[in-house]
Amino acid sequence: MSSKKLIEEQFDVVVIGAGPAGMMAAFAAAKKGARVALVDKKEEPGKKLLMAGNGRCNITQDENNIVELSNLYKNGRFLLSAFGAFRPGNVQEFFANHGVPTKVEKNGKVYPVSDKAQDVLDALMSVLKENNITFLYKAHVVDFSLDSENKISKIKLKKRELFPAKVIIATGGKSYPATGSMGDGYEWAAKMGHKIIEPLPALVPIKILEDWVGELQGVSAGSVGITVFQGGKKKFTDAGDLMFAHYGLSGPLALNMSRGIGKLISQSDENIKLVLDLKPYLTAEQLDEIILTDFERNADKKLSNCLFDVFSPKLLDFILRYSGLDLEKHAAKISRKERHILVNLCKNLEMNFDSLFGFEKAMVTSGGVATKEIDSRTMQSKIVPNLYFAGEIIDVDGPTGGYNLQMCWSTGHLAGESAAKNLIDIKA
Ligand SMILES: Cc1cc2nc3c(=O)[nH]c(=O)nc-3n(C[C@H](O)[C@H](O)[C@H](O)COP(=O)(O)OP(=O)(O)OC[C@H]3O[C@@H](n4cnc5c(N)ncnc54)[C@H](O)[C@@H]3O)c2cc1C
């Protein structure tokens, strides 16, 4: 290797992983004056970011919708400093300042006004270029060398070597491995002495045993409730937006509930039942009253032509068919008992749990580098002094709604600033 090339490759900070956490870390370090290289094994950055929010990118959660951000995460206390330094409001401001204004939608989800994840990635890329970051793509990191002080002295890539003063590992988790996140960082961290909490798929769709669920494929049901029972005992309840799929349940409610169900499966193999409440904000009596009023208003109509104000057409079609009632019967003739069949179906629709999807469909990974071995004020490793972590590789994860990207922006920003700050302290 020529000496010119060697000097070029002596970066102050090398960030491994050009996902949201790595890109934000590279920006924050360069902004503080560090010479930064951003390394990724893929041919382009932000593959997973482009998939976020179905291509619309739910970049964060509205601060006004949150009581205490950190309470919503696994190991949330670890994130207090990172959130304190770079909150959701800072994220919105950051993107607005770089040409991507944002808007707040239902449940406090923040999206770019353009509804395009590509705009979020483009903004990040132009910020990184403005800050003279060196991009190294198709650069697959394979290993590290440590010196006698247990510091990283060399990063070994498939085709080259780098000699940074500081290293930030932001290689993500194991979900959607085709995006490049295959858990490489866990192996390196473990080799360097870090404890890895077993990585498990999280925020995954739920497979249901009953075939009828497949009839509802593509139907979405807003603001519904689900109660989970295991071995006949009530375990937990949640409410939100649900999407039916040919295999079972998806959408924010199912994804968020998969975290709790995953825990139940790991503790016991007793069977799990899900009870769906299509009208959780109404008591059975209130729903009966609404149905009765609808029947009175449409007394001359057949049952198949009623209840359009109560349920969406596809859901209604299913409920009526599944109820077994005579659809030709006129509303005026429907008995109290028959109404109760409908009410019970809406309030207590039972489904038997089959299984959860794996990493191939997991939005995030739960588990990773143990937080107790990372300094939460800086994201610096407590084992390897010139190593920092950012993003999903750390054992923190949150619900859907922009929380996971927020964690990436905050930990990335803190890791980048800390890595550059310590550098400047050393130089001074
Ligand atoms: C379908 C989908 C939709 C999502 N939607 C949202 C959403 O709307 N809002 C939200 O908050 N969260 C969402 N998430 C979660 C969010 O996208 C992730 O939490 C986030 O991308 C993690 O960022 P990261 O930077 O830690 O890692 P990643 O985005 O996984 O990036 C890691 C990078 O490291 C690189 N890398 C890995 N190994 C190596 C190696 N050996 N050498 C070099 N480079 C390497 C990879 O190529 C990759 O580019 C979604 C996830 C999925 C899968």
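Computed from a predicted model, the values in this text were never measured in an experiment. (Residues numbered from 1 in each chain as written. Predicted model: local features only at pLDDT ≥ 70, side-chain atom pairs only at ≥ 80, totals over all residues. Heavy atoms only, no water.)

**Some words on the packing of helix 2 (residues 20-31) against helix 6 (residues 117-130)**
- Remark: helix 2 packs on helix 6, axes separated minimally by 10 Å, with the N-to-C direction vectors making an angle of 30°. It follows that helix 2 is roughly parallel to helix 6 by the angle criterion. Our pair here, helix 2 against helix 6, has a crossing hand that is left-handed. Taken together, the residues of helix 6 that come into contact with helix 2 (itself represented by Met23, Ala26 and Phe27) are Leu121, Leu124, Met125, Val127 and Leu128.
- Grouping the amino acids of the contact of helix 2 with helix 6 by side-chain chemistry returns eight nonpolar, no polar and no charged. (Axes fitted to C-alpha atoms, helices over the stretch in contact; angles between N-to-C directions. Helix = DSSP H or I, 4+ residues; strand = E, 2+ residues; numbered from the N terminus. Parallel < 35°, antiparallel > 145°, perpendicular 65-115°, else oblique. Left-handed = near helix turned anticlockwise from the far one by under 90°. Contact = heavy atoms within 4.5 Å. Nonpolar A, V, L, I, M, F, W, Y, C, P; charged D, E, K, R; others polar.)

**Considerations on the sheet that holds strand 13 (residues 220-230)**
- The strand order 12-15-14-13-16-17 describes a closed barrel built from six strands, whose pairing is antiparallel. Ignoring strand direction, the axes of neighbouring strands in this sheet form an average angle of 45°.
- With three bridges connecting them, strand 12 (residues 206-208) and strand 17 (residues 349-356) associate as antiparallel partners. Each bridged residue has a counterpart across the sheet, and for Lys207 the counterpart in strand 17 is Ser355. (Pairing = 2+ DSSP bridges.)

**Points about the domain arrangement of the chain**
- Domain assignment breaks the chain into domain 1 (3-200 + 362-427) and domain 2 (205-357).
- Distance between the C-alpha centres of domain 1 and domain 2: 40 Å.
- A buried area of about 550 Å², summed over both sides, lies between domain 1 and domain 2, and 39% of it is on carbon and sulfur atoms.
- Contact with domain 2 buries area across many residues of domain 1, yet Lys106, Pro399 and Thr400 alone supply 55% of it, more than any other trio.
- For the pair domain 1 and domain 2, the number of links is two salt bridges.
- Residue Asp397 pairs with Arg259 through a salt bridge whose shortest N-O separation is 3.2 Å.
- Seen at the junction of domain 1 and domain 2, the total is three residue pairs in polar contact (both at pLDDT 80 or more).
- In the side of domain 1 that touches domain 2, the residues fall into four nonpolar, three polar and four charged. (Domains from an automatic or database assignment. Buried area = accessible area lost by both parts, 1.4 Å probe. Salt bridge = Lys/Arg side-chain N within 4 Å of Asp/Glu carboxyl O. Polar contact = N/O pair within 3.5 Å; in protein donor to acceptor, adjacent residues only side chain to side chain.)

**Regarding the layout of surface pockets**
- Taken as a whole, the second largest pocket spans an internal volume of roughly 1100 Å³.
- Surrounding the second largest pocket, 40 residues form its lining, Asn256, Met257, Arg259, Gly260 and Pro399 being those nearest its centre.
- Elements that contribute at least two residues to the lining of the second largest pocket include exactly strand 11 (196-202), strand 14 (233-245), helix 9 (251-267) and strand 18 (364-369).
- At eleven residues, helix 9 tops the list of elements feeding residues into the lining of the second largest pocket.
- Here the residues of the lining of the second largest pocket are counted per class, giving 17 nonpolar, 14 polar and nine charged.
- Two domains each put at least three residues into the lining of the second largest pocket: domain 1 (3-200 + 362-427) and domain 2 (205-357). (1 Å grid on protein atoms, 1.4 Å probe; cavity = no way out; pocket = protein on both sides within 12 Å on 5 of 7 lines; lining within 4 Å. Points joined across faces, edges and corners; volume = space filled by probe spheres on them.)

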